[in-house]
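# Inside the fold
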Number of protein chains: 2
Amino acid sequence: MGFATRLDILTCERGRLAVGIDPMPSVLASWGLEPTLAGLEACARGIVEELGAHVAVFKPQSAFFEAFGSAGVAVLEHVLEDIRQCGALSLLDVKRGDIGSSMEGYATAYLDDASPLRADAITVSPYLGVGSLLPAIDRAMATGRGIYVLARTSNPDGATIQTATTGGNTVAQHVVDTITAGNPGWDYAVGLVVGATHAELGCDVSGFNGSILVPGIGAQGGTMAGVRDVFGQASARVLPTVSRDVIGHGRSDLMRRAQIFLADGRDVGL
Amino acid sequence: MGFATRLDILTCERGRLAVGIDPMPSVLASWGLEPTLAGLEACARGIVEELGAHVAVFKPQSAFFEAFGSAGVAVLEHVLEDIRQCGALSLLDVKRGDIGSSMEGYATAYLDDASPLRADAITVSPYLGVGSLLPAIDRAMATGRGIYVLARTSNPDGATIQTATTGGNTVAQHVVDTITAGNPGWDYAVGLVVGATHAELGCDVSGFNGSILVPGIGAQGGTMAGVRDVFGQASARVLPTVSRDVIGHGRSDLMRRAQIFLADGRDVGL
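Residues numbered from 1 in each chain as written. Chains lettered and ligands numbered in written order. Predicted model: local features only at pLDDT ≥ 70, side-chain atom pairs only at ≥ 80, totals over all residues. Heavy atoms only, no water.

## Some points on the overall build of chain A
The number of helices and strands found in chain A is twelve helices and ten strands. The C-alpha atoms of chain A give a radius of gyration of 17 Å, which matches the 18 Å a tight globule of 270 residues would have. Viewed in the frame of its principal axes, chain A has a C-alpha envelope of about 50 × 45 × 35 Å. Counting all 270 residues of chain A, 62% fall into the buried class. (Helix = DSSP H or I, 4+ residues; strand = E, 2+ residues; numbered from the N terminus. Rg over C-alpha atoms; globule rule 2.2 N^0.38 Å. Buried < 20%, exposed > 50% of the residue type's maximum accessible area, 1.4 Å probe, protein only.)

Listed below in structure tokens is the structure:
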């Protein structure tokens, strides 16, 4: 079964929400944990222990694990295995982007059935061209996994390059259109990352045919109602992502906060 | 002492060459090694054992280590330590790019004195905006390290986004100009990555004031004479990078091949 189908089934069962696993120092502090390897592991695995049976998708941010070196990356391997054991999907936020054999290396690391770092999907960055991402897309197709390509990010600095003009379109629109055109041949398993904090998206995703990961909800200022309003008819494809507003208030508050966002999403028709 | 000064001193002593440590399956095969963790370690550390006292800069490609999971990342930590012990500089090719706290996480991973993955410099990707890279640039300033920002890459797919138009310039030129303007405040420790395989660069780097990493020499088709011709007066800032043509013919041929490229560079005035 391909990634798009697995995602559909699981979000129907559990609701459409991805919880970001961002074990940054401030989050560890809110859990009463030290910014150590043990704190990292207690927080990241604790999130999955509490929410793993209730949330469809978890989005670990690789940077916070890499910050502890190879020992932190080993913790990430445990977290990814925990997510699998709970029947949830892992969408690993690594934003990798390279060419040729190096992109093949990343595909082996994150999308190969034999890799300890395998995730159900990863984020990738298109600065080297959407075509440079094909080794990852091909590997994802071969192993039933998914890819999310950065199109329009939620930070203000993103505009200069993402709204530059190429062939009469913005760069973000070029990414959207290229993935839309390729998706029928890719089992619709290639999605986009589009931030939730813009009053206007800067690209038209109304005809997009894959999943749209929408970070920036909660602490970064986006709301579920805002997502529905901005994404319009593409709302049905949105995977809203919340991190600090769920995980940044200690372990005991995790379930209540996740349920607030799940209910919010349902209430506005996401 | 800042990165720019350390790079100047070492390239004066040893010549201007970065050797790519790309332990991909085909390179391991050329060494008679299996594509295993042991093969990865024998190749990557073997390159530094043979060349560590003779080459100024080594550029390990993180993807080939990540392909073996956390155990591969632990090998990368050993390689980075080996490079330090030889008095050479490590320029870790990770092409990271993210925002806010996630970019801080990458800065901690690769640019902090206490991290086992610390390198003398790293590559970063600007799709989320040059401004999004400031947490890494700031950390590099604080620890005497360097940053190389992707501007114009050597692959054909890179053109669409890198030559898109923003504010009357190409995206690549926007990156060049933004770094040029910031560099006096950054101790000139922020460099560029500009591929060697273009007949024209697609951006004007003649006024650039930092180091320019130039991959694509050798197996990818670039030559030292071609670099001098294309980069013109910026040639003095170029750090030519060779990988497969040095490391892809077995351990016994490493020194001879590195010396060919060092001599080639001297002969054409690089």
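There's plenty left to go through after this.
## Here's the deal with the sheet that holds strand E10 (residues 238–242) of chain B
Across a sheet, paired strands are connected by hydrogen bonds in the backbone, their directions being either parallel or antiparallel. All names here are of chain B. Spatially, eight strands are ordered E1-E2-E3-E4-E5-E8-E9-E10 in a closed barrel, and the strand pairing comes out parallel. Averaged over all adjacent pairs, the angle separating strand axes in this sheet is 30°, with direction ignored. In terms of strand pairing, strand E1 (residues 18–21) meets strand E2 (residues 57–60) through four bridges, oriented parallel. When the sheet's bridge partners are listed, Ala18 is paired in E2 with Val57. In this fold helix H3 (residues 37–51) packs onto E1 and E2, with an angle of close to 155° to the strand it touches most, E1. (Pairing = 2+ DSSP bridges. Axes fitted to C-alpha atoms, helices over the stretch in contact; angles between N-to-C directions. Contact = heavy atoms within 4.5 Å.)

## Here's the deal with the pattern of salt bridges
The full count for this structure, using the stated rule, is 34 salt bridges over all chains. In this structure, the salt-bridge partner of Arg96 of chain B is Glu66 of chain B, at a minimum N-O distance of 2.9 Å. Here Arg96 of chain B is found in strand E3 (residues 89–96), whereas its partner Glu66 of chain B is found in helix H4 (residues 62–66), with 30 residues between them in sequence. Of the two residues, Arg96 of chain B and Glu66 of chain B, neither departs from the other in class, the shared state being buried. Taken together, the shared-partner salt bridges connect Lys59, Asp93 and Lys95 of chain A together with Asp98 of chain B into one network. (Salt bridge = Lys/Arg side-chain N within 4 Å of Asp/Glu carboxyl O.)

## A word on helix H5 (residues 69–85) of chain A
In this model H5 of chain A runs 25 Å from its N-terminal to its C-terminal C-alpha over 17 residues, within 8% of the 24 Å that 1.5 Å per residue would give. Taken together, the buried positions of H5 of chain A are Gly69, Ser70, Gly72, Val73, Val75, Leu76, Glu77, Val79, Leu80, Asp82 and Ile83 of chain A. Against the buried residues of H5 of chain A lie strand E1 (18–21), helix H3 (37–51), strand E2 (57–60), helix H4 (62–66) and strand E3 (89–96) of chain A together with helix H5 (69–85) of chain B. A positive backbone phi angle near 75° is found at Gly87 of chain A, which sits one or two residues after H5 of chain A. (Expected span 1.5 Å × (residues − 1).)

## Concerning the environment of Arg14 of chain A
Residues and elements named next belong to chain A. With respect to the helices and strands, the residue Arg14 is situated in helix H1 (residues 3–14). In this structure, the C-alpha to C-alpha distance between Arg14 and Val190, residues 176 residues apart in sequence, is 22 Å. If sequence neighbours within four positions are ignored, Arg14 has contacts with Gly52, Ala53, His54, Val55, Ala56, Cys86, Gly87, Ala88 and Leu262. Within the structure, Arg14 has its side chain in polar contact with the backbone oxygen of Val55 (distance 2.9 Å). (Polar contact = N/O pair within 3.5 Å; in protein donor to acceptor, adjacent residues only side chain to side chain.)

## Concerning the sheet that holds E3 of chain A
Residues and elements named next belong to chain A. Taken together, eight strands build a closed barrel; the order of strands is E1-E2-E3-E4-E5-E8-E9-E10 and the barrel is parallel. The mean angle between the axes of side-by-side strands here comes to 30°, regardless of whether they run parallel or antiparallel. For strand E4 (residues 121–124) and strand E5 (residues 146–152), the ladder comprises four bridges, and the chain directions are parallel. Bridge pairing in E5 links Ala121 to Gly146. Contacting E3, E4 and E5, helix H6 (residues 100–111) crosses the sheet at an angle of about 160° to E3.

Taken by themselves, the reported measurements are silent on function.
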